[in-house]
Amino acid sequence: MGYMPQYVQFDPFFPVTVRDVVLMGRLGKENQYGFYGKADKEALEAVLIKLNLSDLKHRPFSKLSGGQRQKVLIARALVSNPEILLLDEPSSNVDAEGEAELYEQLHVLNSKMGIVLVTHDVGFISPYVKRVACVNRCLVVHPTNQVSGKMIKDLYQRDVRVIRHDIRVDEVHGVG
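Calculation notes
- Residues numbered from 1 in each chain as written.
- Predicted model: local features only at pLDDT ≥ 70, side-chain atom pairs only at ≥ 80, totals over all residues.
- Heavy atoms only, no water.
- Helix = DSSP H or I, 4+ residues; strand = E, 2+ residues; numbered from the N terminus.
- Buried < 20%, exposed > 50% of the residue type's maximum accessible area, 1.4 Å probe, protein only.
- Contact = heavy atoms within 4.5 Å.
- Pairing = 2+ DSSP bridges.
- Right-handed = clockwise from strand over helix to strand, strands pointing away.
- pLDDT = per-residue confidence, 0-100.
- Core = buried A, V, L, I, M, F, W, Y, C linked by side-chain atoms within 4.5 Å.
- Expected span 1.5 Å × (residues − 1).
- Arc of directions from axis to C-beta.
- Salt bridge = Lys/Arg side-chain N within 4 Å of Asp/Glu carboxyl O.

Q: Sorry if this is basic, but what is going on with the overall build of the protein chain here?
A: Within the protein chain one finds 6 helices and 7 strands. For the protein chain, the α and β elements follow one another from N to C terminus as β-α-α-α-β-α-β-α-β-β-α-β-β. Counting only residues that meet the buried cut, the protein chain has 34% of its 176 residues in that class. Within the protein chain, counting contacts between residues at least 6 apart in sequence, those at least 24 apart form 54% of the total.

As structure tokens, then:
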């Protein structure tokens, strides 16, 4: 199982690199003391390439933007090749382009593993998932084709702000 928390607390003066953080995901029964072998290093390189993080490998974790830190934490969760990936607000601190890229990558990964993620942006995530579980004093599960503004209003018992993600801006023709 791989896990990525929404917030990570770290000492910004602790000299840990992206490589070090990602390799922490390999620690476990077979590798308890941080002596990384060939398989660990190969898994590191593969996940860095998959998430487009190779150029940051030697950068101090404390020098990354919030979005870059999120991607590194996802890489740490993926480096152990988990069967299930748990993500808590994986797109927080990620810009719109990075968010779309992240969810596309998760959509591809979902063919190889189960993914459970927590997000407040149901409208954005719904094109990428099969089911949405809404929690507000009760659990309601919907196929994504049933997610609607009315369903969200009924669940939260008040009006909520909804952003439509099905409209794209075309540079030539404007909104379309």
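After that view of the structure, there is still more to cover.
Q: Even after reading the chapter, I still don't get the pairing of strand β3 (residues 114–118), so can you show me in this structure?
A: Two faces, one strand: in a regular strand the side chains alternate between the faces of the sheet. Across 5 bridges, the pairing between strand β2 (residues 84–88) and β3 is parallel. Paired with L85 across the strands is I115, a residue of β3. With helix α4 (residues 96–109) bridging β2 and the parallel β3, this β-α-β connection has right-handed handedness.

Q: When you look at the environment of L51 in this model, what are you seeing that I'm missing?
A: With respect to the helices and strands, the residue L51 is situated in the loop between α2 (38–50) and α3 (66–78). In the structure, L51 is positioned 50 residues away from E101 in sequence and 9.3 Å away in space, judged by C-alpha atoms. Each residue touching L51, except ones within four places of it in the same chain, is listed here: K71, I74, A75, L78 and Q105.

Q: What is the right way to read the confidence of the model for the protein chain from this model?
A: Should pLDDT be low for a region, the predicted coordinates there are not to be read in detail. The share of residues in the protein chain with pLDDT of 70 or more is 70%, and the mean pLDDT across the chain is 78. Helix α1 (residues 18–23) holds the highest mean pLDDT among the elements of the protein chain, 95, whereas strand β7 (residues 174–175) holds the lowest, 49. Ignoring residues within four places in sequence, the model shows residues 163–169, a span with pLDDT below 50, making 10 contacts including any to other chains.

Q: Is there a simple way to explain the side chain of T17 in this structure?
A: Note on placement: T17 falls in the loop between β1 (2–4) and α1. In this structure T17 comes out as buried when scored by relative accessible area, which is 19%. Aside from chain neighbours lying at most four places away, what touches T17 is K57, H58, R59, P60 and F61.

Q: Can you walk me through the nonpolar core in this structure?
A: In globular proteins that are soluble, nonpolar side chains generally tend to be buried together. Ranked by size, the top nonpolar core spans 29 residues in total, and within it V22, V72 and L78 carry the most contacts. Going through the elements one at a time, α1, α2, α3, β2 and α4 are the ones with two or more residues in this core. The element that contributes the greatest number of residues to this core is α3, accounting for 6 residues.

Q: Please explain α3 as it appears in this structure.
A: Since the α-helix packs 3.6 residues into each turn, any two residues three or four apart lie on the same face. With 13 residues, α3 extends 19 Å between its outermost C-alpha atoms, agreeing within 8% with the 18 Å of an ideal straight helix rising 1.5 Å per residue. Burial in α3 covers these residues: G67, Q70, V72, L73, I74, A75, A77 and L78. Against the buried residues of α3 lie β1, α1, α2, β2 and α4.

Q: Can you help me understand α4 in this one?
A: Its 14 residues place the ends of α4 20 Å apart at the C-alpha level, agreeing with the 20 Å of an ideal helix rising 1.5 Å per residue. Among the residues of α4, those classed as buried are E99, L102, Y103, Q105, L106 and L109. Along the axis of α4, the buried residues cluster in a sector spanning 160 degrees; they form a single face. Exposed side of α4, more than 90 degrees from the buried face: A96, E97 and V108 are the residues found there.

Q: Sorry, what's going on with the pattern of salt bridges here?
A: Any two side chains of opposite charge can pair, so long as their charged atoms come close to each other. A full pass over the atoms with the stated rule returns 3 salt bridges. Across the pair K57 and E45 runs a salt bridge whose closest N-O atoms are separated by 2.6 Å. Residue K57 is found in the loop between α2 and α3, and its partner E45 is found in helix α2; the two are separated by 12 residues along the sequence. The exposure class assigned to E45 is partly exposed, which follows from its relative accessible area of 30%.

Q: What exactly am I supposed to notice about unusual backbone geometry here?
A: The phi angle of most residues is negative, glycine excepted, and most peptide bonds adopt the trans form. With a phi angle near 55 degrees, N52 is a residue other than glycine that sits in the positive phi range. Considering the arrangement of structural elements, one finds N52 in the loop between α2 and α3.

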